[in-house]
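# Reading the structure
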Amino acid sequence: MGVDLRQVVAGVLTLTMFVMLGNMIKRDHFDSVEGKFPGARDVEFDSEKVSEQGLVNFSKKNTNGPWMEGGLEPKPCWKESNFDEVESKGFVTFSLTNGPEYHVSQIADAVVVARYIGATLVLPDIRGSKPGDERKFEEIYDVEKFVKSLVGVVKVVKGLPKDVSIRDVAVVKVPNRVSEDHIAEQIEPVFRTNSIIRLATFFPSVNMRKTTKTSASDSVACLAMFGTLELQPEVNEVVDSMIERLRTLSRKSDGRFIAVDLRVDILDKKGCRGSSATGTKSCFSAQEIAIFLRKIGFGKDTTIYLTQPRWDESLDVLKDIFPKTYTKESILPADKKAKFLESEDSEFEKVIDFYMCSQSDVFVPAISGLFYANVAGKRIASGKTQILVPADISGTSASVTSHFSPYISKKNHMAHSCFC
């Protein structure tokens, strides 16, 4: 039987049209996926496609996945020499609470308030979620670095004078990212009356987006958030040793690893699971994260660090696809487990997770919230901009460029205002 050449050509054209149509549908899906959590007006948790030229510089080595080359660390826009020293007339006290993702914001608000009202800042203590769970600032952070970084901005002392009674201290509620207007209207009058105030920061929204409004305190806030807190040597050594362990396990990926903020207790909370049919999700499970990472191109030899405190059987599906998946208990140095892992206080674990996610080659937030927002800020400050927001992907694969955090692709995180 003879073959009609016209039929062959028509068949090829028809097949080509179906392929093109399929690609168009798939791209429309990727571009429309928002993956937003409840309260999305406060948290940027949608993904954004960006051009693979300019913003994205992928590794040219065969490194088992779509790894980006590390970016240059940006330079701070603020200069300490621009701050005029102010005379201290009273004291501002406060505590750091709820974990390091809150600490950076609480520090920024306290420094801004103390600077504006001309008060001496009292070194904060650190309080956990349980009653009586208290630590000294120096148990986690570097006191010398903190005090030195604020020279000429605010005076810092380790405690209140001995003759000051706790009854003399007025408690003032402070909204996160406090404005100068709020300080002038709500805080300064109380300070002028009492001269000693205690700040209690609250978070009306988890909003770290850049704003168009500017004020004289912006540079102070930038310095306080990104230039004051460093881990004290022992804690920093633990984080460094865990990172080095993961890099050793990642030889096939040129020493690179992914950090995923995934905690089973939050996944299991009521209202955490959303419907992908609506284009929204409140968080992503271990299985969903595994599928997402495979579809955007990460190979089975990819090394993954999870913020989950202890291994849970629900994570087995992730380990089946990515065998090199670890939690703290398997990579923490044995001689440090008693202090950093097996104590009743989880503050050390929170700090380890925050800094592991800040320093990994790729960060994937399976959970929205302030942890994601402030890890993103710290990564922007250090030039580590590969933050990938997960999504349910139809089809067998997707471009990694479709899933960059808008904090990176749109440059709408407040950290972009602090670095040049």
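Criteria and thresholds
- Residue numbers run consecutively from 1 along every chain, following the written order of its sequence.
- Residue-level local features of this predicted model are given only where pLDDT is at least 70; pairs of side-chain atoms are given and counted only at 80 or more, and the full residue set underlies all totals for whole chains, interfaces and linings.
- As a rule here, side-chain values cover all heavy atoms of the structure and leave hydrogens and water aside.
- Secondary structure elements are taken from DSSP: a helix is a run of H or I of four residues or more, a strand is a run of E of two residues or more, and numbering for both begins at the N terminus.
- Partly exposed describes any residue whose relative accessible area lies between the buried limit of under 20% and the exposed limit of over 50%, with all areas from a 1.4 Å probe on protein chains only and scaled to the type maximum.
- The contact definition used throughout considers only heavy atoms, calling two residues in contact when any of these lie within 4.5 Å.
- Only the protein chains shown count as cover for residues, and the accessible areas themselves come from Shrake-Rupley with a 1.4 Å probe.
- Any two strands are treated as partners once DSSP identifies two or more bridges connecting them.
- Whenever a helix is involved, its axis is fitted only over the stretch in contact; in every case the axis is a line through C-alpha atoms, and angles between N-to-C directions fall within 0 to 180 degrees.
- Values of pLDDT, the confidence the predictor places in each residue, fall between 0 and 100.
- Helix span, expected: 1.5 Å multiplied by one less than the number of residues in the helix.
- One fitted axis covers the seven residues ending at a residue, a second covers the seven starting there, and the bend at that residue is the angle between these axes.
- A pair is scored as a salt bridge if a Lys or Arg side-chain nitrogen falls within 4 Å of a carboxyl oxygen belonging to Asp or Glu.
- Disulfide assignment relies on a single distance test, namely cysteine sulfur atoms paired within 2.5 Å.
- Pairing of aromatic side chains requires ring centres within 6.5 Å, counting the rings of Phe and Tyr and the six-membered ring of Trp. Pairs whose planes differ by under 30 degrees are stacked, by over 60 edge-to-face, and all others tilted.
- By definition here, charges over rings are those cases where NZ of Lys or CZ of Arg is within 6 Å of the ring centre and within 35 degrees of the ring normal.
- Under the rule applied, a polar contact is a pair of N or O atoms within 3.5 Å (in protein, one hydrogen donor and one hydrogen acceptor; residues adjacent in sequence only if both atoms are side-chain atoms).
- In this scheme the handedness of a crossing depends on how the near helix is turned from the far one: anticlockwise by less than a right angle means left-handed, clockwise means right-handed.
- Each residue is assigned to one of three groups, with Ala, Val, Leu, Ile, Met, Phe, Trp, Tyr, Cys and Pro labelled nonpolar, Asp, Glu, Lys and Arg labelled charged, and all others, Gly among them, labelled polar.

## Considerations on the overall build of the chain
Counting its secondary structure elements, the chain contains 15 helices and twelve strands. Residue burial in the chain is summarised as follows: out of 420 residues, 48% are buried. In the chain, the proportion of contacts linking residues at least 24 apart, taken out of those at least 6 apart, comes to 75%. A total of about 20,400 Å² of accessible surface is found on the chain, and carbon and sulfur atoms cover 51% of it.

## Concerning the sheet that holds strand β1 (residues 91-93)
Spatially, five strands are ordered β6-β3-β1-β8-β7 in an open sheet, and the strand pairing comes out parallel. Every interior strand has two partners, whereas the edge strands, β6 (156-157) and β7 (170-175), have only one. Where helix α2 (residues 100-117) meets the sheet, it contacts β1, β3 (120-122), β7 and β8 (196-202), and its direction lies at approximately 145° from that of β8. Along the sheet face, helix α4 (residues 180-194) touches β1, β7 and β8 and points at about 165° away from the line of β7.

## Observations regarding the confidence of the model for the chain
When the pLDDT values of the chain are averaged, the result is 83; 80% of them are 70 or greater. Residue range residues 12-42 is modelled with pLDDT below 50. Its contacts to residues more than four positions away, or to other chains, number 45 contacts.

## Concerning α4
For α4, with 15 residues, the first-to-last C-alpha span of 20 Å sits near the 21 Å given by 1.5 Å per residue. The largest bend in α4 amounts to roughly 45° and is located at Ile 187, with the proline Pro 189 lying one to four residues further along. Positioned one or two residues after α4, Ser 195 has a phi angle of 65°, which is positive.

## Brief notes about the pattern of salt bridges
By the definition in use, this model includes twelve salt bridges. Between Arg 263 and Asp 261 there is a salt bridge whose closest N-O contact spans 2.9 Å. Each of Glu 234, Lys 336 and Lys 339 takes part in one network of salt bridges that share partners.

## Considering the environment of Ala 259
Its place among the elements puts Ala 259 in strand β9 (residues 257-261). With 98 residues separating them along the chain, Ala 259 and Cys 357 place their C-alpha atoms 5.3 Å apart.

## Some points on the state of the cysteines
On inspection of all chains with the given rule, the structure shows two disulfides. Here Cys 77 pairs with Cys 420 through a disulfide, and the sulfurs are 2.1 Å apart. A residue pair is termed long-range when its members are at least 10 positions apart, and Cys 77 in the loop between α1 (5-32) and β1 and Cys 420 in the segment after α15 (415-418) qualify at 343 residues. A residue is classified by how much of its surface remains accessible, and Cys 77, at 33% relative accessible area, is partly exposed. The exposure class of Cys 420 is exposed, given its relative accessible area of 67%.

## Some thoughts on the packing of aromatic side chains
Per the stated rule, a full pass over the model turns up ten aromatic pairs. Look at Tyr 102 and Phe 203: their rings are 4.9 Å apart centre to centre, the planes differ by 85°, and that puts the pair in the edge-to-face class. Pair noted here: Tyr 102 is in helix α2 and Phe 203 is in the loop between β8 and α5 (218-226), with a separation of 101 residues, a long-range link. Grouped by ring-pair contacts, the aromatic residues Trp 78, Phe 226 and Phe 419 constitute a single cluster. When the ring centre of Trp 311 is taken as origin, the NZ or CZ atom of Lys 319, which lies over that ring, is 5.3 Å away.

## Focus on the side chain of Asp 261
By secondary structure assignment, the location of Asp 261 is in strand β9. A distance of 2.9 Å separates a polar atom in the side chain of Asp 261 from a polar atom in the side chain of Arg 263. Excluding residues that lie within four positions of it along the chain, Asp 261 makes contacts with Thr 307, Phe 363, Val 364, Pro 365, Ala 366, Ile 367 and Phe 371.

## So, the packing of α2 against helix α13 (residues 370-382)
Two measures define how a pair of helices packs: the angle their axes make with one another and the distance between the axes. Packing of α2 against α13 brings their axes to within 8 Å, and their N-to-C directions diverge by 65°. Handedness of the α2/α13 crossing: left-handed. The segment α2 lies against α13, with Glu 101, Tyr 102, Val 104 and Ser 105 engaging Leu 370, Phe 371 and Asn 374. Considering only residue class, the contact of α2 with α13 consists of four nonpolar, two polar and one charged.

## A closer look at unusual backbone geometry
We note that Arg 177 has phi near 60°; this positive angle belongs to a residue other than glycine. Tracing the backbone through its elements, the reader meets Arg 177 in the loop between β7 and α4. Judged by its relative accessible area of 30%, Arg 177 falls in the partly exposed class. For Asp 254, which is not glycine, the phi dihedral falls at a positive 60°.

## Some thoughts on the pairing of β9
With five of its five residues buried, β9 lies for the most part within the structure. Alternating residues of β9 divide into Phe 257, Ala 259 and Asp 261 and Ile 258 and Val 260, and every residue in both groups is buried. As judged from the four bridges shared by β9 and strand β10 (residues 303-306), these two strands associate in the parallel manner. Bridged to Ala 259 within β10 is Tyr 305. Note: β9 against strand β12 (residues 362-365), four bridges, orientation parallel. Bridging across to β12, Asp 261 finds its partner in Pro 365.

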